[in-house]
Amino acid sequence: MARIQEDAPIQRNHRLQGDYFQVDLHAPGIAAATQPGQFVHVQLPGFEHRVLRRPFSIYDVDAKTGRLSVIYKTVGEGTAHLASLPTGTVMNLLGPLGVGFSAPPAGTQPIVVAGGYGCAATYLFAKRSPVPPLVLIGGRSAGDILLQREFAALGCEVRISTNDGSQGHAGFVTALLEQALDRVSSPFVVSCGPNPMLYAVARILAERGLDGEVSLDHAMCCGVGACFACVVKLKAANPDGWEYVRTCLNGPVFKASTVHWE
Ligand code: FES
């Protein structure tokens, strides 16, 4: 799939809750081509002196209207700057980039395991799934739980866990995954969130002889495979038993069983 570079005006840039924001852009070319789990590389106007582009998972698209939405958390200068940009500001986007999630195979029950705003990267997967996934969302506390209503509106059963017990199950979201796997006979698990959570998901799947897909969280620079800033180790059938691949080009979604977790 060809990459598209597109000047995208901001249609709306608003706070969802706490430090979490959603920006809606008019990017018809990229919106029409996006597959679940892909990302866009964004040039922040007025911030070119600090960094050329930043990667953001694509949360939702509407191919009819050309809307492309991203959910982000203000964690530093760049995202704080993004949160300050008003409607009409034009951002240059490059995308859709990367390899996203597979469609769930026929006869499987899709399960989404999401940590924090990692749930945004899995929303399109759920939206396009022929069977509504069981959605498990975990966060530190209730203020970190996003998109519960949006997933439910797709017909998904949504379960919540928080580390501090302020909403749903008290503990890690992986406990909900173990419960789900006890009762689902043909699961197809996709996951996005912090890498320690993804590692735990991969371990649980491996213990049960299952596999799944994980969207790795990795720092990126060029976003298009040119700089090797985003390499991760994958298991490989070579004398070393592993190889480096580029998250931006070969991922960010990988089979959980192929990642060399360390
Ligand atoms: Fe440059 Fe992936 S970010 S190769």
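Residues numbered from 1 in each chain as written. Predicted model: local features only at pLDDT ≥ 70, side-chain atom pairs only at ≥ 80, totals over all residues. Heavy atoms only, no water.

One key point about sheets: their strands pair by backbone hydrogen bonds, in either a parallel or an antiparallel sense. The 7 strands lie next to each other as E11-E10-E9-E8-E12-E13-E16, forming an open sheet whose pairing is mixed. Taken across any chain shown, the strands that pair with only one partner, and hence form the sheet edges, are strand E11 (169-170) and strand E16 (253-255). Most of the contacts of helix H5 (residues 173-183) go to strand E9 (residues 134-139), to which it runs at about 160°, and overall it touches strand E8 (109-115), E9, strand E10 (157-162), E11 and strand E12 (187-192). Relative to the sheet, helix H6 (residues 195-207) contacts E8, E12 and strand E13 (212-215), its axis offset from that of E12 by approximately 165°. (Pairing = 2+ DSSP bridges. Helix = DSSP H or I, 4+ residues; strand = E, 2+ residues; numbered from the N terminus. Contact = heavy atoms within 4.5 Å. Axes fitted to C-alpha atoms, helices over the stretch in contact; angles between N-to-C directions.)

Let's shift gears to the sheet that holds strand E1 (residues 4-17). Spatial ordering of the open sheet is given by E4-E3-E7-E1-E2-E6-E5, a layout of 7 strands whose pairing is antiparallel. Looking at the sheet topology across the chains shown, the edges are occupied by strand E4 (54-57) and strand E5 (60-62). Between one strand axis and the next, the sheet turns through 35° on average, direction left out of account.

Another point: unusual backbone geometry. Here Gly-95 and Pro-96 are connected by a cis peptide whose omega angle stands at -10°. Within the secondary structure layout, Pro-96 lies in strand E7 (residues 90-97). At the junction of Gly-251 and Pro-252, the peptide bond is cis and its omega measures out at 15° in the coordinates. Tracing the sequence through the fold places Pro-252 in the loop between helix H7 (247-250) and E16. Phi at Leu-147 is positive, roughly 65°, even though this residue is not glycine. Take Leu-147: it is sitting in the loop between E9 and helix H4 (148-153).

Turning our eyes to something else, we now look at the pattern of salt bridges. Going through the model one piece at a time under the given rule, you end up with 7 salt bridges. Arg-159 is the salt-bridge partner of Glu-157, the closest N and O atoms lying 2.7 Å from each other. Connected through salt bridges with shared partners, the residues Asp-60, Arg-67 and Lys-127 form a single ionic network. (Salt bridge = Lys/Arg side-chain N within 4 Å of Asp/Glu carboxyl O.)

The next subject is the packing of aromatic side chains. According to the stated counting rule, one finds 9 aromatic pairs in the structure shown. Arranged with centres 5.5 Å apart and planes meeting at 15°, the rings of Phe-21 and Tyr-72 form a pair that is stacked. Of this pair, Phe-21 sits in strand E2 (residues 20-26) while Tyr-72 is found in strand E6 (residues 67-73), placing the two residues 51 residues apart along the sequence. With relative accessibility at 8%, the residue Phe-21 sits in the buried group. An angle of 35° between the planes, with centres 6.2 Å apart, marks the rings of Phe-125 and Phe-188 as tilted. One end of the pair, Phe-125, is in helix H3 (residues 123-128); the other, Phe-188, is in strand E12, with 63 residues separating them in the sequence. For the pair Phe-125 and Phe-188, one class covers both residues: buried. One aromatic cluster in this structure is built from Phe-21, Phe-56 and Tyr-72. The positively charged end of Arg-203 is found above the aromatic ring belonging to Tyr-199, 5.9 Å away from the centroid. One Lys or Arg, Lys-233, reaches over the ring of Trp-242 and ends 4.2 Å from the middle of that ring. (Phe/Tyr/Trp six-rings, centres within 6.5 Å; stacked < 30°, edge-to-face > 60°. Buried < 20%, exposed > 50% of the residue type's maximum accessible area, 1.4 Å probe, protein only. Lys NZ or Arg CZ within 6 Å of the ring centre and 35° of its normal.)

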